[in-house]
Amino acid sequence: YSMLGPMDTLPAGCFGQKNSDTKSQPAKLGSADTVPTLAFPSISTADFQFDLEKASDIIVEKAEEFLPKLGTARLVLVDLSHGSKILSLVKAKTSQKNIDSARFFTFVGDITKLHSEGGLHYNVIANAANWRLKPGGGGVNAAIYKAAGPDLEAATRVRANTLLPGKSVVVPLPSTCPLHKAEGITHVIHVLGPNMNPNRPDYLNNDYTKGCKTLREAYTSLFEGFLSVVQ
Ligand code: AR6
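Residues numbered from 1 in each chain as written. Predicted model: local features only at pLDDT ≥ 70, side-chain atom pairs only at ≥ 80, totals over all residues. Heavy atoms only, no water.

So, the overall build of the chain
Next, step 1: Each helix and strand in the chain was counted, giving seven helices and six strands.
Next, step 2: Counted from the first residue to the last, the chain has its helices and strands arranged as α-β-α-β-α-β-β-α-α-β-α-β-α.
Next, step 3: Out of the 231 residues belonging to the chain, those deemed buried represent 46%.
Next, step 4: Looking at the chain alone, contacts between residues at least 24 apart form 71% of all its contacts between residues at least 6 apart.
Next, step 5: On the chain, roughly 11000 Å² of surface is accessible, and the fraction owed to carbon and sulfur atoms is 52%. (Helix = DSSP H or I, 4+ residues; strand = E, 2+ residues; numbered from the N terminus. Buried < 20%, exposed > 50% of the residue type's maximum accessible area, 1.4 Å probe, protein only. Contact = heavy atoms within 4.5 Å. Areas by Shrake-Rupley, 256 points an atom, 1.4 Å probe, with all protein chains shown as cover.)

Structure below.
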């Protein structure tokens, strides 16, 4: 896959005045290198089989709710491919709203390599975890534990052994951790989303009333966790 920066992944027109109009330039162009940034995957929409339309509504709703509380900090929804349906849906729905596209945007890449391979500054990542907070299992969980090495499991154990659906736990990474050293990631926030996959624990059997409630709680908990890191 190839990497594209935020400008390339936003709806056309968001950064239309890049070189032409100095009056409309953002005040601090360099601040993107230091501003607290959470990169997060779409919780529950792959292995946990949650409906993409419903998930995209909830992501946009929760980002809109939390951006005003986050100062200058940024929220970045990440997925692996340019064909990502969830990124397209969120981009389209965000463009319909009055949301600052420099503070909430989508980005294509491996969440464990966004700085080294994508040139994105970020310092916190979310993990779509399992209830045991264990490595492996595929998806973004396997990728994050693999890239972080054993440090992540040890640091996680200090904080929690299990997670309930809709909850999250903030885990500081030691400076020795490869993700910290190579990417500048200081915290991983594990999030357990609602599960619509009959072969996984806590299967909701297509109950989207419960599922949407739990996914909202999951993003609330994630963004509150990020807020606690930023403050
Ligand atoms: N970088 C960025 N995004 C990714 C990456 C990556 N390396 N890998 C996957 N995604 P999933 P879930 C995207 O299945 O549905 C695990 O086994 C992916 O395309 O990881 O919440 C856990 O142990 C999708 O958009 O999480 C749990 O048991 C998003 O990340 C279970 O899966 C989430 O996909 C959780 O399932």
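Looking at the site of the ligand
Next, step 1: Residues in contact with the ligand amount to 24 residues; listed here are only the nearest, Ser44, Asp79, Asn130, Gly137 and Val140.
Next, step 2: Here an oxygen atom of the ligand and a backbone polar atom of Phe48 are 3.0 Å apart.
Next, step 3: The separation between an oxygen atom of the ligand and a polar main-chain atom of Val140 is 2.8 Å.
Next, step 4: Contact with the protein chains covers 91% of the free accessible surface of the ligand, which is 710 Å².
Next, step 5: Taken together, the elements giving at least two residues each to the shell around the ligand come down to β2 (74-79) and α4 (139-148).
Next, step 6: Top contributing element to the shell around the ligand by residue count: α4, with four residues.
Next, step 7: Residues belonging to the shell around the ligand are distributed by class as follows: 11 nonpolar, 10 polar and three charged. (Near = heavy atom within 4 Å. Polar contact = N/O pair within 3.5 Å; in protein donor to acceptor, adjacent residues only side chain to side chain. Nonpolar A, V, L, I, M, F, W, Y, C, P; charged D, E, K, R; others polar.)

Considering unusual backbone geometry
Next, step 1: Positive phi, close to 75°, is recorded for Ser44, a residue that is not glycine.
Next, step 2: Judged by its relative accessible area of 5%, Ser44 falls in the buried class.
Next, step 3: Even without a glycine there, the phi angle at Asn205 is positive, about 50°.
Next, step 4: Position of Asn205 relative to the elements: it lies in the loop between β6 (187-191) and α7 (208-230).

Looking at the pattern of salt bridges
Next, step 1: This structure, assessed with the given rule, holds nine salt bridges.
Next, step 2: Note that Lys93 is salt-bridged to Asp57, the shortest N-O span being 2.9 Å. On the criterion of sequence distance, the pair formed by Lys93 in helix α3 (residues 85-95) and Asp57 in helix α2 (residues 52-66) is long-range, its members being 36 residues apart.
Next, step 3: Note on Asp57: relative accessible area 42%, which makes it partly exposed.
Next, step 4: With a closest N to O distance of 3.1 Å, Lys97 and Glu64 form a salt bridge. Taken together, the residues Lys97 in the loop between α3 and β3 (104-108) and Glu64 in helix α2 connect sequence positions 33 residues apart.
Next, step 5: In this structure, a network of salt bridges that share partners links the residues Glu53, Asp57 and Lys93. (Salt bridge = Lys/Arg side-chain N within 4 Å of Asp/Glu carboxyl O.)

What about the pairing of β6?
Both faces of the sheet carry side chains from a regular strand, because those side chains alternate between them.
Next, step 1: Burial runs high along β6: five of the five residues are buried.
Next, step 2: Burial along β6 is two-sided: the face carrying His187, Ile189 and Val191 and the face carrying Val188 and His190 are both buried.
Next, step 3: Pairing of strand β4 (residues 124-128) with β6 involves five bridges; the strand directions are parallel. Paired with Asn127 across the strands is His190, a residue of β6.
Next, step 4: With five bridges joining them, strand β5 (residues 168-172) and β6 adopt antiparallel strand pairing. Residue Val171 lies in a different strand from β6, and its bridge partner there is Val188. (Pairing = 2+ DSSP bridges.)

Let's talk about the packing of aromatic side chains
Next, step 1: If you walk through the whole model with that rule in mind, you get five aromatic pairs.
Next, step 2: Ring centres of Phe40 and Tyr219 lie 5.9 Å apart, and the angle between their planes is 75°; on these two criteria the pair is classed as edge-to-face. Residue Phe40 is found in strand β1 (residues 37-41), and its partner Tyr219 is found in helix α7; the two are separated by 179 residues along the sequence. The same class applies to Phe40 and to Tyr219, which are both buried.
Next, step 3: Residues Phe40 and Phe223 carry aromatic rings whose centres are separated by 5.5 Å and whose planes lie at 80° to one another, so their mutual orientation is edge-to-face. (Phe/Tyr/Trp six-rings, centres within 6.5 Å; stacked < 30°, edge-to-face > 60°.)

Quick word on the side chain of Asn127
Next, step 1: Position of Asn127 among the secondary structure elements: in strand β4.
Next, step 2: Among the polar contacts listed, one links the side chain of Asn127 to the side chain of Asn141, at a separation of 2.8 Å.

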